[in-house]
Amino acid sequence: MNRRADLHSVADQAADFLESLAHRHITGTGTPESLLRAMDRPFPESGSPASQVIRDLVADVEEGLTGSAGPRYFGFVTGGATPAGLMADWLTSTWDQNAQVYATSPAAAAAETIVARWIVELLGLPAGSSVGFVTGCQMANFTALLCARNTVLERAGWDLAKNGLFGAPPVTVLMSDCGHGTVHSALRMIGVGSDQILEIPSDSEGRLKLDALEDAIHNASGRPMILSLQAGNVNTGAFEPVGAVADLVKKENAWIHVDGAFGLWAAVSPDLARHLVGLDRADSWATDAHKWLNVPYDSGIVILKDPKRHRTLKTSRCDYAGVESADRRDGSTWSPENSRRARAFVLYALLRELGRSGVREMVERCCSLARKFAEGVSHVEQLTVLNEVVLNQVLIAINLPGHGDKVALHDEVASRIQSEGRCWLGTTTWKGRPALRVSVCNWSTTEEDIETALGALRRTV
Ligand SMILES: *Cc1c(COP(=O)(O)O)cnc(C)c1O
């Protein structure tokens, strides 16, 4: 075994993959059967040399790897990985630190302390807010909403830590009827049922209507109340008005949460920040780093204005873990996990690599490319842009006379573009209409990539 030579060889294979993103088939060419066939072996009775295992792995997964890390993947909301973020991710695995408590990795604790401060500053959130590093925005929403639930119940006189959830007064959650699925999942995980969720009708862009919200607040007045708002609707990119909502619930003892999985990063741009007026009046914010911040999976961030409320996430600590203090951070206090990956090294590297201006430039470039995409679409007679392109998301309707089944038409166009292999667009249903869905989210996407995607779309239609 020559560990150094093996690591160099893996670095070369990684570089081969990164170079292949320029031309690799974007969906992968494998089928479920061919991938299983390639990887399936009788369970090995004895082991194999590491270099052999890795060589086989690289070869066996090849046809099933998508080009989602590359510049022409416009599906879901998908970021890539910048050079410093990727390299720091390798080192994070190499160092194999447990970011549970200070004692298990002082370096990871220091990185979390610094990155927490930087992120709060970068997003313009209240100084002193607490930050947890989690796996993704699902867990960020879960963490924030759990602390929200604990808080509104405590204000209603219910000692949750002592009495548990059974028998507690019901918590009412107000959110738009376009809320993200992970908010619903988070609510289910924290014991809020569908009868306790008041879905407020939304406008054409998916923002809850303020007059309907006002009525709902009036009807629920006095009850433990959580409002879950969106910064960046997953289809349209639209923002809900945090400041105006905060005004409406001023008299209630309500908690305001903002799901800003990708949209929260608009705060780094002075131009886009107009969508986020009153953002600092919320109590909690959830976002992703593995989407628009372009670090490798998995990396989400939860932020709470009041660290005391954040601490209601967990019970007592292990006796052997030492004592947390201002300069000895325990990462697991702020996240649902206990033993944890030291995710902050990657964020630290990424934020140093880009700086404030680099993050801003990346976010603004993606928005400008999304507008360019929409502009290109508007010149094609059979295509209509369905949303106001305020961020990085574009929804496109296809109108081909004679095609009765609109859903099948959109699916067919998306699937033909995908199987050409150059770019990936998805489909969705927006306000009852089928649409193609484009999300520009990768740090390396260029105007040429947008032209390529537009070309594929025009040809296919
Ligand atoms: C992606 C997304 C989430 C969930 O994030 P994960 O990183 O997949 O857990 C939540 N809310 C919105 C608006 C999203 O776009």
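Everything numeric in this text was worked out from a predicted model, so none of it was measured. (Residues numbered from 1 in each chain as written. Predicted model: local features only at pLDDT ≥ 70, side-chain atom pairs only at ≥ 80, totals over all residues. Heavy atoms only, no water.)

S.K.: Would you mind going over the nonpolar core with me for this structure?
M.R.: Inside soluble globular proteins, nonpolar side chains tend to come together where they are buried. Counting residues in each nonpolar core, the largest one holds 123 residues, and the members touching the most others are L227, W265, F373 and L457. Looking at this core element by element, the count peaks at 17 residues for helix α12 (residues 344–378). Not counting residues within four places of it along the chain, the set of residues in contact with F373 comprises I396, L425, V438, I450, A453, L454 and L457. If you look at the next biggest cluster of nonpolar residues, it comprises 6 residues, including L386, L395, W430 and A435. (Core = buried A, V, L, I, M, F, W, Y, C linked by side-chain atoms within 4.5 Å. Buried < 20%, exposed > 50% of the residue type's maximum accessible area, 1.4 Å probe, protein only. Helix = DSSP H or I, 4+ residues; strand = E, 2+ residues; numbered from the N terminus. Contact = heavy atoms within 4.5 Å.)

S.K.: What am I meant to see in the domain arrangement of the protein chain here?
M.R.: One frequently used descriptor of interface size is the decrease in accessible area upon assembly of the parts. One can read the domain layout of the protein chain as domain 1 (3–67) and domain 2 (87–350). Here the C-alpha centroids of domain 1 and domain 2 sit 36 Å apart. (Domains from an automatic or database assignment.)

S.K.: I keep staring at the UniProt feature "modified residue: N6-(pyridoxal phosphate)lysine" (unreviewed entry) in the protein chain and nothing clicks. Help me out?
M.R.: Using the residue numbers shown here, the UniProt feature "modified residue: N6-(pyridoxal phosphate)lysine" (unreviewed entry) corresponds to K291. For K291, a relative accessible area of 15% puts it in the buried group. (UniProt positions renumbered as here; feature names shortened; annotations may be inferred.)

S.K.: Whenever I open this one, the layout of surface pockets confuses me. Can you help?
M.R.: Any empty space left between atoms is shown by rolling a water-sized probe over those atoms. If you add up the space inside the largest pocket, you get close to 1300 Å³. Lining the largest pocket are 38 residues, with A14, F17, L18, L86 and W90 sitting closest to its centre. Looking at the lining of the largest pocket, the elements with two or more residues in it are α1 (3–20), α3 (50–61) and α4 (83–95). For the lining of the largest pocket, the element with the most residues is α1, which contributes 10 residues. Across the lining of the largest pocket, the residue classes break down as 23 nonpolar, 11 polar and 4 charged. In terms of domain composition, the lining of the largest pocket takes at least three residues from each of domain 1 (3–67) and domain 2 (87–350). If you add up the space inside the second largest pocket, you get close to 360 Å³. (1 Å grid on protein atoms, 1.4 Å probe; cavity = no way out; pocket = protein on both sides within 12 Å on 5 of 7 lines; lining within 4 Å. Points joined across faces, edges and corners; volume = space filled by probe spheres on them. Nonpolar A, V, L, I, M, F, W, Y, C, P; charged D, E, K, R; others polar.)

S.K.: I keep staring at the site of the ligand and nothing clicks. Help me out?
M.R.: Around the ligand, the surrounding shell holds 15 residues, and the nearest of these are Q138, D259, D288, H290 and K291. In this structure, a nitrogen atom belonging to the ligand sits 3.4 Å away from a side-chain N or O atom of H180. One nitrogen or oxygen atom from the side chain of D288 is found 2.7 Å from an oxygen atom belonging to the ligand. When isolated, the ligand has an accessible area of 380 Å², and the protein chains bury 85% of it. Broken down by element, the shell around the ligand gets its largest block of residues, 3 residues, from helix α6 (residues 137–155). (Near = heavy atom within 4 Å. Polar contact = N/O pair within 3.5 Å; in protein donor to acceptor, adjacent residues only side chain to side chain. Areas by Shrake-Rupley, 256 points an atom, 1.4 Å probe, with all protein chains shown as cover.)

S.K.: Explain α12 to me, please; I cannot follow it from the model alone.
M.R.: Because the α-helix completes a turn every 3.6 residues, residues three or four places apart line up on one side. An ideal rise of 1.5 Å per residue puts 51 Å on 35 residues; α12 reaches only 42 Å between its terminal C-alpha atoms. When the local axis directions of α12 are compared, the greatest deviation, roughly 85°, occurs at G355. (Expected span 1.5 Å × (residues − 1). Bend = angle between axes of the 7 residues up to and from the residue.)

S.K.: Whenever I open this one, the sheet that holds strand β9 (residues 393–398) confuses me. Can you help?
M.R.: Backbone-to-backbone hydrogen bonds pair the strands of a sheet. The strands run either parallel or antiparallel. Judged by pairing direction, the sheet is antiparallel, and its 4 strands sit side by side in the order β8-β9-β11-β10 without closing on themselves. This sheet does not close on itself; its edge strands, each paired only once, are β8 (383–385) and β10 (426–430). Shown here is a sheet whose adjacent strand axes are inclined to one another by a mean of 40°, direction ignored. When β10 meets strand β11 (residues 433–439), the two strands line up antiparallel, connected through 5 bridges. Bridging from a neighbouring strand, W430 pairs with R433 of β11. Against the sheet, helix α13 (residues 406–420) touches β9, β10 and β11, its axis set at about 25° to β11. (Pairing = 2+ DSSP bridges. Axes fitted to C-alpha atoms, helices over the stretch in contact; angles between N-to-C directions.)

S.K.: I'm lost on the pattern of salt bridges in this one. Help?
M.R.: Pairs may arise between side chains of opposite charge once their charged atoms sit close together. Taken as a whole, this structure holds 22 salt bridges when the rule is applied. A salt bridge links E62 to R24; the nearest nitrogen and oxygen atoms lie 3.0 Å apart. With a gap of 38 residues between them, E62 in the loop between α3 and α4 and R24 in the loop between α1 and α2 (32–39) connect regions that are remote in the sequence. A residue is classified by how much of its surface remains accessible, and E62, at 37% relative accessible area, is partly exposed. On the accessibility criterion, R24 (10% relative accessible area) is buried. Linking R309 and E154 is a salt bridge whose minimum nitrogen-to-oxygen distance equals 3.0 Å. Residue R309 is located in helix α11 (residues 307–310), and its partner E154 is located in helix α6; the two are separated by 155 residues in the primary sequence. R309 sits in the buried class, given a relative accessible area of 14%. By sharing partners, the salt bridges in this structure join E112, D298, R329, E337, R340 and R343 into a single network. (Salt bridge = Lys/Arg side-chain N within 4 Å of Asp/Glu carboxyl O.)

S.K.: Just checking my understanding: could you explain unusual backbone geometry for this structure?
M.R.: Of all residues except glycine, most have a negative phi; of all peptide bonds, most are trans. Omega for the bond connecting Y297 with D298 falls within 30 degrees of zero, at -5°, which places this linkage in the cis form. The topology assignment puts D298 in the loop between β6 (284–288) and β7 (300–304). Backbone geometry at F76 places phi at a positive 50°, although glycine is not the residue there. Topologically, F76 is positioned in the loop between α3 and α4. By relative accessible area, which is 53% here, F76 ends up exposed. One non-glycine residue, N294, adopts positive backbone phi at about 60°. Taking the relative accessible area as the measure of exposure, N294 reaches 0% and is therefore buried.

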